[in-house]
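# Residue-level structural notes
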Amino acid sequence: MISILMASPTICFDRSFTEVFDDIIETLLNERARTEAEYDAFVAFGERISNQRSVSSSHPQTGTPGGVMKTPQEYAQSQTTTRLNLIRSAYEDTVMNLSFYTDEYGDSYIESICEEFGSEIATALTTPECLGPTVMKALHDRIETAKSERQSHIESCDRERDSIETAANQLIPIDEEVSALTNVSFDSQSFGALDAHHNRLSILGNHCESTAQTRQETIHQQREFYNVSQAETDVTAYFYREYDITYPILAMCSDLTARMTQFRERIEDVITDVE
């Protein structure tokens, strides 16, 4: 359970790249904030169940209404049921009480603990006869795993943001320079000016290609970090699964390349006419 709730943004390249990058950064900040909230919730859940005190076995066993005495087995089962209820309350008050939980996951208590802790622990947490020290140790281990997974995801958010900001610093100036060519009347320019434009576009194209290669390397590194195959969804695609485009930065590079190609071809046609 890693947070993926987003505002369903759409990558639209008739907007400036600055606006697109702002949307992407906001997506990553929201992802990071939700993951931090989940991490804190699991910390609180672990503390709650660690601080719980079982009903003391030294309590009188005749405390039921009407003075009906419980057998040791009945008393132990009653204690276990109470402990399970306390664990459930702790989970619902922490993990399932996150502001975005219902909209994002919308699952039941049993479904949630099965997803987080595995079916065996989930069964033990809903079956009094199964609860014991071994189960509680396994539960605490799984809580640590849940926290560790979220710490790793937070680190991935940070790495991704660094990569995005680097790409923004490289692509936004190129986008602005290429967009400015829309207002240039190539037909009225000299051969020298046309040649200069053509050479500049080649240089910008190389910069764009370099940015795309760097981005692909980052995606590959993220895959290696999570040890996922090509057939699996990598964390980069996971970040942007609510977008229309799975790999927005690579799409932006492709968009720029296509636009620069059109301008180069237009310039080449004009140069041919001039010659």
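What this report covers is the structure whose coordinates are included nearby. The structure displayed is predicted, hence computed values, not measured ones. (Residues numbered from 1 in each chain as written. Predicted model: local features only at pLDDT ≥ 70, side-chain atom pairs only at ≥ 80, totals over all residues. Heavy atoms only, no water.)

## Considering the side chain of Thr 211
Under the convention used in this document: Secondary structure is summarised from DSSP: a helix means a run of H or I of at least four residues, a strand means a run of E of at least two, and numbering begins at the N terminus for each. Working definition: with a 1.4 Å probe on protein chains only, accessible area under 20% of the residue-type maximum means buried, over 50% means exposed, and in between means partly exposed. Two residues qualify as a contact provided that any one of their heavy atoms is within 4.5 Å of a heavy atom in the partner residue.
By secondary structure assignment, the location of Thr 211 is in helix H7 (residues 191-226). Exposure remark for Thr 211: the relative accessible area of 5% places this residue in the buried category. Residues within four places of Thr 211 in sequence aside, it is in contact with Ala 167, Gln 170, Leu 171 and Cys 253.

## Remarks on the packing of aromatic side chains
This is how it is decided: In this analysis, rings of Phe, Tyr and Trp, with Trp reduced to its six-membered ring, are considered paired at centre separations within 6.5 Å, and the interplanar angle assigns stacked below 30 degrees, edge-to-face beyond 60, and tilted for intermediate values. Charges are assigned to positions over rings by a cutoff of 6 Å between ring centre and Lys NZ or Arg CZ, combined with an angular limit of 35 degrees from the ring normal.
Under the criterion given, the structure shown has nine aromatic pairs. For the pair Tyr 101 and Tyr 105, a centre-to-centre distance of 5.0 Å together with 50° between the ring planes defines the contact as tilted. For the ring pair Phe 186 and Phe 263, a centre distance of 6.1 Å and an interplane angle of 65° mean the geometry is edge-to-face. Placement of Phe 186 in the loop between helix H6 (133-180) and H7 and of Phe 263 in helix H9 (residues 248-274) is noted, with a sequence separation of 77 residues between them. Judged by its relative accessible area of 4%, Phe 186 falls in the buried class. Through pairs of rings, three or more aromatic residues link up here, namely Phe 42, Phe 45, Tyr 91, Tyr 109 and Phe 117. A cation sits over an aromatic face here: Arg 34 above Phe 100, 5.6 Å from the ring centre.

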